[in-house]
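This is what each chain is made of:
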2 protein chains.
Amino acid sequence: MTQQATSSVDLARLETEYRYRPERLAITKISPSVSDGAYPTKRVVNDIVEFAVIVVCDGAVEIGVQLRLSDPSGNEQTVPMNRQAGYRFSAEVALTELGSYTWVVDAWIDRAATLRSKIGRKRAVGQPTENEEEELRRLGDHPCSDRITSRIEHVVVDRLLASFSGWYEFFPRSTGPSPEQPGTLRTCIDRLDYAASMGFDIVYLPPIHPIGRSHRKGINNAVEANPGDVGSPWAIGSSDGGHTSIHPDLGTFEDFDLLVASARDRGLEIALDIAFQCSPDHPWVSEHPEWFSIRPDGSIGYAENPPKQYQDILPFDFDCTEWRALWTALADVVRFWHRRGVRVFRIDNPHTKPFPFWEWLIADLKADDPGIVFLAEAFAHPDVMLQLSRVGFSVAYTHFPWQHSPYDLEHYSELLAGGDRSEFFRASSWVNTPDILTEELQQGLRQTFEARLVLAATMSASYGVYGPVFELQVADAIQGSEEYLNGEKYEVRAWDLDDERSLRHLMQRVNEIRREHLALQHDRSLVFHHCDNSRIVAFSKTAPRRVGAIGDPSPILVVVNTDHHNTQDGYVRLDLRAFGAELLDESAPGGVAYEVHDLLTGQRFTWHGADNYVRLDPWLQSAHVFALRRLHTSDQQMELA
Amino acid sequence: MTQQATSSVDLARLETEYRYRPERLAITKISPSVSDGAYPTKRVVNDIVEFAVIVVCDGAVEIGVQLRLSDPSGNEQTVPMNRQAGYRFSAEVALTELGSYTWVVDAWIDRAATLRSKIGRKRAVGQPTENEEEELRRLGDHPCSDRITSRIEHVVVDRLLASFSGWYEFFPRSTGPSPEQPGTLRTCIDRLDYAASMGFDIVYLPPIHPIGRSHRKGINNAVEANPGDVGSPWAIGSSDGGHTSIHPDLGTFEDFDLLVASARDRGLEIALDIAFQCSPDHPWVSEHPEWFSIRPDGSIGYAENPPKQYQDILPFDFDCTEWRALWTALADVVRFWHRRGVRVFRIDNPHTKPFPFWEWLIADLKADDPGIVFLAEAFAHPDVMLQLSRVGFSVAYTHFPWQHSPYDLEHYSELLAGGDRSEFFRASSWVNTPDILTEELQQGLRQTFEARLVLAATMSASYGVYGPVFELQVADAIQGSEEYLNGEKYEVRAWDLDDERSLRHLMQRVNEIRREHLALQHDRSLVFHHCDNSRIVAFSKTAPRRVGAIGDPSPILVVVNTDHHNTQDGYVRLDLRAFGAELLDESAPGGVAYEVHDLLTGQRFTWHGADNYVRLDPWLQSAHVFALRRLHTSDQQMELA
């Protein structure tokens, strides 16, 4: 009854598609990875990275898996990947060098190990194993088969500063004793001690270049400037020079070099503002008209977003015929300041320039110095912000200023950090900027400033303050806008840093807490916790896995009342799994006992298990920053004694 | 004060990497997609598919996006993709042909549209537009720039049967009037009316091939068979033939052809079992010893998983030197039965054969007939099950039989369908198999059988029953195992289909409900809902987006008491968003009123909003299968009248 099957299988196709027998394994779920390997993952120096894959194979065979990791110097190390649950294999490696690591995973069938396992199981029940032993001998020098290698993945390792840093912005010309005696780079040096005393890491200066005169904006962004108006530092370029020049009123390159060195002496870094646009008076406008958009009427195109017109700003035409020369010149601007010792750059409006321009520029600069940090100032759609970070930006401003409620804070955080996004996107939360004095801050309540500072500095390892207006709680805005009234963007101001209302001591304490507590030095462990009062936000972090990190590894729990007028109270329900095994003990009735120590006030409370009561009167205290410590029996006895 | 920057940018590299100016757009988040395009997405005929991407670009430009879709015949259609929220673009297309569709996305900057928008906004405020109009004219025949195309993606379109089908398995030799008069293919034909009357779609037969005599297993899987023992149908091959032969006791090829035709006449399809393994008596063992593993002692290797030994089963050596001939012969087995009219195959233990073998075999067979359905019987680790579906299996058995609690049911469902997995993995929930009589069913409670049937048939569009033991509630197992006592795998049985205890009428009603209600004809809309009683599981589905689907489009809500002994009650909290806008009306105090109509009992209740009370006494009724219908004011007035 046998009937012969007639083959119609295309053997030639079989030959072509699988020249040799195709490998029996498949590698999936490669981690960490961004857009399936299209862009690098980001880490900072000394991070311990868990490299993981799923490797599946048919049948019951022993699978071998290894990581091959090339460091930025090109040295390759091979690390066995161990089998975890199911078919997951992983290895942990500390990335201790700055720059770009490359890694692949190899997987194979370990036929020798498979036979050895079989022999062991047969021997255990007294079954003969001669066949297996001979098969093992015959494998000889080829104990493995079906070796495959996964796609190439990259990890960019940045300085810690790219991920964990407090930024402090101020206008150099407002560092003088009075508006009549404008500040200079020399008075900026005096201001460094002030920033350092508050514990910041980076001093960021708005553009220091010559300012154009044509179409100069007046005080409070007036369309016409009055004589004597100093103009906006972002209208770059005049007969005094362009992006590689210093405004004559601010000083000389010698002053600048001294500023950079003085900052370094104080443990600070200077960040410069890179705003790739020109005033009509920029030397490049006459030297390189081909880099701009020439309109049909012969004029050079200025920035427009109809009906708005910005005659004082000429954008570059990144699509121009001479784009190569333009791009090169712009990269050379960054290189110029880098050679003068600047390793941190705040990039103005990167979302109005092509992604491939940034991808090329950042890669090119980081090839010179992998420690350069680029902060993207793109208040754009999250899809655009994410793409800028994929192509290379180290860290990015976010819409944090407008996230007020616990719901908003949690969901915006998820929007930016969910999925694979925490692998490449680093948020920098700014409490204010020269353009952003939120309506919430305009109410002028001290507790609002305090609460926003604590939120920014604890929710994000990278955060920023534009001062001294912030610590002095300046709250006056141009009517119906978020711009500062008599803002420093358009005029010279002077400030009394010793004003007794200043929040400088809170800022100092918050930065101190950040330095002392490892949990606040990254964002990967950020978890939001439920509170039955919808005005109270609660979130926690635990210490990063990082070699050589010196500091207190306690988990940190932050609880903030977002209602700045009324006392709010309620029960915070902690997801105890977020704190690891330490606070989970199912045998403890009512949950584990632990101490929550408020690092702002010094208060200490004993909490138990998941649900605990909080109460915050904003007129007294808007926020808790708790360090958590499990209480062991001996502690509790002492407590009772 | 200008200082000339010295260029050190590698212009050659710039030239090489970006021969022409690189495009300013980036395409991300391509959907639907499996493993970033490495494997095809799956759909069934007439599914309306939403193709979507995120396209970002710098600046404020109009972006054009289109889908280019090639149908299985090679005809390409171009469909504009419209901008949704943010930078998301999408297009919906009904896939009306069987086979493999190919699609890509093109995106570009629409410079003409950008200028027209600018002109419009300037005109609205009376600003001159001569420059823009001239720029528009100059664009001429090149209104667009920066065109990019995304990676190639595939969608495999299967028959509805691949996703939505009720399977009914029975042993051909047990269709006779008594064990002494074994069934044949002819008596199988008589059994078709029974399966059709219950509303099943597929009749699946265990292997119908000659059964080996060497090392034949006896009744209840005894190591030694007694004379007259019929052996397991999975011990394939004897002197009567192998995988392309029919067991002489079952009948002839003429009988088989009649069976296939008879099934077709009743709206049924025959599914055959493909078990790629041999008994020691299979003709191939002597004809093609090179396809098997020859041990050092000269014997042919049998299946082993030490200490277990299966001397009656010889596995193929898929790695053998003659693997091409072996693979071709195996594909030809499937092709042989396909040519006899079989288009549905249940593949036995595919996880013990190489993934690339299946990838090649399935593609090769579906090139002949894209309507072929392959069911994977891999009770393996989910990672392995998922990979089998990635490489081509249409649908797969799952661990459903062992998911008893609401928690297990929900989390196992998420494990298999979360992330991109619903794009390629289709679950088939089986209430039992010849190897799986779960401990839960062994208790022998009618309500357990009923509840499990309703769960399988409503949670999964594809589900299966091994009968008649299931409807007759056979519950006796071999002590300490999940194998049926005196199971049909090793002996001939006969059944009284008209037993009054039979669940055949419930099965008939459940299959009828599945046919009438579109929501139960796919799994994509499956949502679990919270119940404050942890023994009650609740889930819902809504109708698929599918052209030409005829049936009731009401949402279906299933509520099952998983405690088969005690009455359980509680509040189900529906996530009303799962039902679309219909049940969401924030203006309605207490929520929208809607009717829940139990399709099993005919009961009707009026529910309001999210929280509603349920109570199920398993001795009376274990499950509700509710159709939901919003009540409008007129209905409610009628109700009150």
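Residues numbered from 1 in each chain as written. Chains lettered and ligands numbered in written order. Predicted model: local features only at pLDDT ≥ 70, side-chain atom pairs only at ≥ 80, totals over all residues. Heavy atoms only, no water.

## Overview of the overall build of chain A
Here's step 1: Broken down by element type, chain A carries 14 helices and 30 strands.
Here's step 2: Overall, chain A is about 105 × 80 × 50 Å in size when its C-alpha atoms are taken along their principal axes.
Here's step 3: Counting over 641 residues, chain A shows a buried share of 59%.
Here's step 4: Counting every atom, chain A has about 25,400 Å² of accessible surface; 48% of that belongs to carbon and sulfur.
Here's step 5: Separation between the mean location of the 62 positive side-chain charges and that of the 92 negative ones in chain A comes to 6 Å. (Helix = DSSP H or I, 4+ residues; strand = E, 2+ residues; numbered from the N terminus. Buried < 20%, exposed > 50% of the residue type's maximum accessible area, 1.4 Å probe, protein only. Areas by Shrake-Rupley, 256 points an atom, 1.4 Å probe, with all protein chains shown as cover. Lys, Arg positive; Asp, Glu negative; His and termini not counted. Charge placed at Lys NZ, Arg CZ, Asp CG, Glu CD.)

## What to know about the packing of helix 4 (residues 185–197) of chain A against helix 5 (residues 253–265) of chain A
Each pair of packed helices can be summarised by the angle the axes make with each other and by the distance between the axes.
Residues and elements named next belong to chain A.
Here's step 1: Orientation of helix 4 relative to helix 5, taken along the N-to-C sense of each, is 5°, at an axis distance of 9 Å. With respect to helix 5, the element helix 4 is oriented roughly parallel. The residues of helix 5 that touch helix 4, namely those facing Leu185, Arg186, Cys188, Ile189 and Leu192, are Asp255, Phe256, Leu258, Leu259, Ser262 and Ala263.
Here's step 2: For the contact of helix 4 with helix 5, a count of residues per class yields 8 nonpolar, 1 polar and 2 charged. (Axes fitted to C-alpha atoms, helices over the stretch in contact; angles between N-to-C directions. Parallel < 35°, antiparallel > 145°, perpendicular 65-115°, else oblique. Contact = heavy atoms within 4.5 Å. Nonpolar A, V, L, I, M, F, W, Y, C, P; charged D, E, K, R; others polar.)

## Things to note about empty space enclosed by the protein
Here's step 1: Enumeration over the complete set of coordinates arrives at 4 cavities of 30 Å³ or more.
Here's step 2: By volume, the largest cavity amounts to about 60 Å³.
Here's step 3: Taken together, Asn220, Pro434, Tyr466, Ile478, Glu483, Tyr484, Gly487, Glu488, Lys489 and Tyr490 of chain A make up the lining of the largest cavity.
Here's step 4: Its residues assigned to classes, the lining of the largest cavity comprises 5 nonpolar, 2 polar and 3 charged.
Here's step 5: Here the second largest cavity is characterised by a volume of approximately 50 Å³.
Here's step 6: Every residue along the wall of the second largest cavity is listed here: Asn220, Pro434, Tyr466, Glu483, Tyr484, Gly487, Glu488, Lys489 and Tyr490 of chain B.
Here's step 7: Considering only residue class, the lining of the second largest cavity consists of 4 nonpolar, 2 polar and 3 charged. (1 Å grid on protein atoms, 1.4 Å probe; cavity = no way out; pocket = protein on both sides within 12 Å on 5 of 7 lines; lining within 4 Å. Points joined across faces, edges and corners; volume = space filled by probe spheres on them.)

## Remarks on helix 3 (residues 130–139) of chain A
Here's step 1: Taken as a whole, helix 3 of chain A has its buried residues at Asn131, Glu132, Glu135 and Leu139 of chain A. Looking down the long axis of helix 3 of chain A, one finds its buried residues gathered within 95° of arc, a one-sided arrangement. Away from the buried face of helix 3 of chain A by more than 90 degrees, exposed residues Glu130 and Arg137 of chain A are located.
Here's step 2: Contacts from the buried residues of helix 3 of chain A go to helix 2 (111–124) of chain A together with strand 15 (303–305) of chain B.
Here's step 3: Positive backbone phi, at 50°, marks Gly140 of chain A, one or two positions downstream of helix 3 of chain A. (Arc of directions from axis to C-beta.)

## So, the domain arrangement of chain A
Residue and element names in this part refer to chain A.
Here's step 1: For chain A, the assigned domains are domain 1 (19–157), domain 2 (170–208 + 246–276 + 318–516) and domain 3 (527–640).
Here's step 2: Each of domain 2 and domain 3 has a C-alpha centre, and these two points are 31 Å apart.
Here's step 3: The interface is formed by 22 residues belonging to domain 2 together with 21 residues belonging to domain 3.
Here's step 4: Of all residues in domain 2, the largest losses of buried area upon contact with domain 3 belong to Pro406, Gln447 and Thr458, amounting jointly to 29% of the total for that side.
Here's step 5: Joining domain 2 to domain 3, the criterion identifies 7 residue pairs in polar contact (both at pLDDT 80 or more).
Here's step 6: Of all elements in the fold, only helix 10 (406–417), helix 12 (446–459) and helix 13 (504–516) reach the threshold of two or more residues within the side of domain 2 that touches domain 3.
Here's step 7: Ranked by residues supplied to the side of domain 2 that touches domain 3, first place goes to helix 12 with 7 residues. (Domains from an automatic or database assignment. Buried area = accessible area lost by both parts, 1.4 Å probe. Polar contact = N/O pair within 3.5 Å; in protein donor to acceptor, adjacent residues only side chain to side chain.)

## With respect to the interface of chain B and chain A
Here's step 1: Counting residues at the interface gives 89 residues for chain B and 87 residues for chain A.
Here's step 2: A salt bridge links Lys118 of chain B to Glu304 of chain A, with the shortest nitrogen-to-oxygen separation between them at 3.1 Å.
Here's step 3: Counting across the interface, chain B meets chain A through 23 residue pairs in polar contact (both at pLDDT 80 or more).
Here's step 4: Per-class residue counts for the side of chain B that touches chain A are 31 nonpolar, 23 polar and 35 charged. (Salt bridge = Lys/Arg side-chain N within 4 Å of Asp/Glu carboxyl O.)

## Quick word on unusual backbone geometry
Here's step 1: Omega for the bond connecting Pro306 of chain A with Pro307 of chain A falls within 30 degrees of zero, at 5°, which places this linkage in the cis form.
Here's step 2: Counting through the fold element by element, Pro307 of chain A comes out in the loop between strand 15 (303–305) and strand 16 (308–310).
Here's step 3: Each neighbour pair has its own omega, and for Gly467 of chain A with Pro468 of chain A the value is -5°, a cis peptide bond.
Here's step 4: Along the chain, Pro468 of chain A turns up in the loop between strand 22 (462–466) and helix 13.
Here's step 5: Its identity is not glycine, yet Gln473 of chain A carries a phi of approximately 55°, on the positive side.
Here's step 6: Mapping Gln473 of chain A onto the fold places it in the loop between strand 22 and helix 13.
Here's step 7: Positive phi values are uncommon outside glycine, yet Asp36 of chain B reaches one of about 55°.

## Some words on the pattern of salt bridges
Here's step 1: Per the stated rule, a full pass over the model turns up 102 salt bridges over all chains.
Here's step 2: We note a salt bridge from Arg24 of chain A to Asp319 of chain B, for which the minimum N-O separation is 2.7 Å. One end of the pair, Arg24 of chain A, is in the loop between helix 1 (11–17) and strand 1 (25–31); the other, Asp319 of chain B, is in the loop between strand 17 (314–315) and helix 7 (323–339), on a second chain.
Here's step 3: When its relative accessible area of 10% is taken as the criterion, Arg24 of chain A is described as buried.
Here's step 4: Between Asp611 of chain B and Arg573 of chain B there is a salt bridge, and its shortest N-O distance comes to 2.9 Å. Pair noted here: Asp611 of chain B is in strand 29 (residues 611–616) and Arg573 of chain B is in strand 26 (residues 568–573), with a separation of 38 residues, a long-range link.
Here's step 5: If you follow the salt bridges from partner to partner, you end up with Lys118, Lys122, Glu132 and Glu135 of chain A together with Arg295 and Glu304 of chain B in one network.

## Notes on the relation of the copies chain B and chain A
Here's step 1: In screw terms, the move from chain B to chain A is a rotation of 180° and a rise of 0.0 Å along the axis, fitting with an RMSD of 0.1 Å. Viewed as a symmetry operation, the transformation between the two copies matches a two-fold axis. For chain B, the residue whose C-alpha comes nearest the rotation axis is Asp36 of chain B, separated from it by 3.3 Å.
Here's step 2: Comparing contact sets, 98% of the residues at the interface of chain B also lie at the interface in chain A, consistent with an isologous, same-surface contact. (Least-squares fit on C-alpha atoms with pLDDT ≥ 70 in both.)

## A closer look at the sheet that holds strand 12 (residues 202–205) of chain B
The pairing of strands in a sheet happens through backbone hydrogen bonds and is either parallel or antiparallel.
All names here are of chain B.
Here's step 1: One closed barrel accounts for 8 strands, arranged 11-12-13-18-19-20-21-22; its pairing is parallel. Sheet twist, expressed as the average angle between the axes of neighbouring strands with direction ignored, equals 25°.
Here's step 2: Two strands pair when backbone bridges link them, and strand 18 (residues 344–348) and strand 19 (residues 373–377) are joined in this way by 5 bridges, in the parallel orientation. Within the sheet, the bridge partner assigned to Val344 lies in strand 19 and is Val373. (Pairing = 2+ DSSP bridges.)

## Concerning the environment of Pro315 of chain A
Residue and element names in this part refer to chain A.
Here's step 1: If you trace the backbone, Pro315 turns up in strand 17 (residues 314–315).
Here's step 2: According to the relative accessible area criterion, Pro315 is partly exposed, its value standing at 33%.
Here's step 3: Considering only alpha carbons, one finds Pro315 and Phe256, 59 residues apart in sequence, at a separation of 27 Å.
Here's step 4: When sequence neighbours within four positions are dropped, the list of residues in contact with Pro315 reads Phe292, Gly301, Tyr302 and Ala303.

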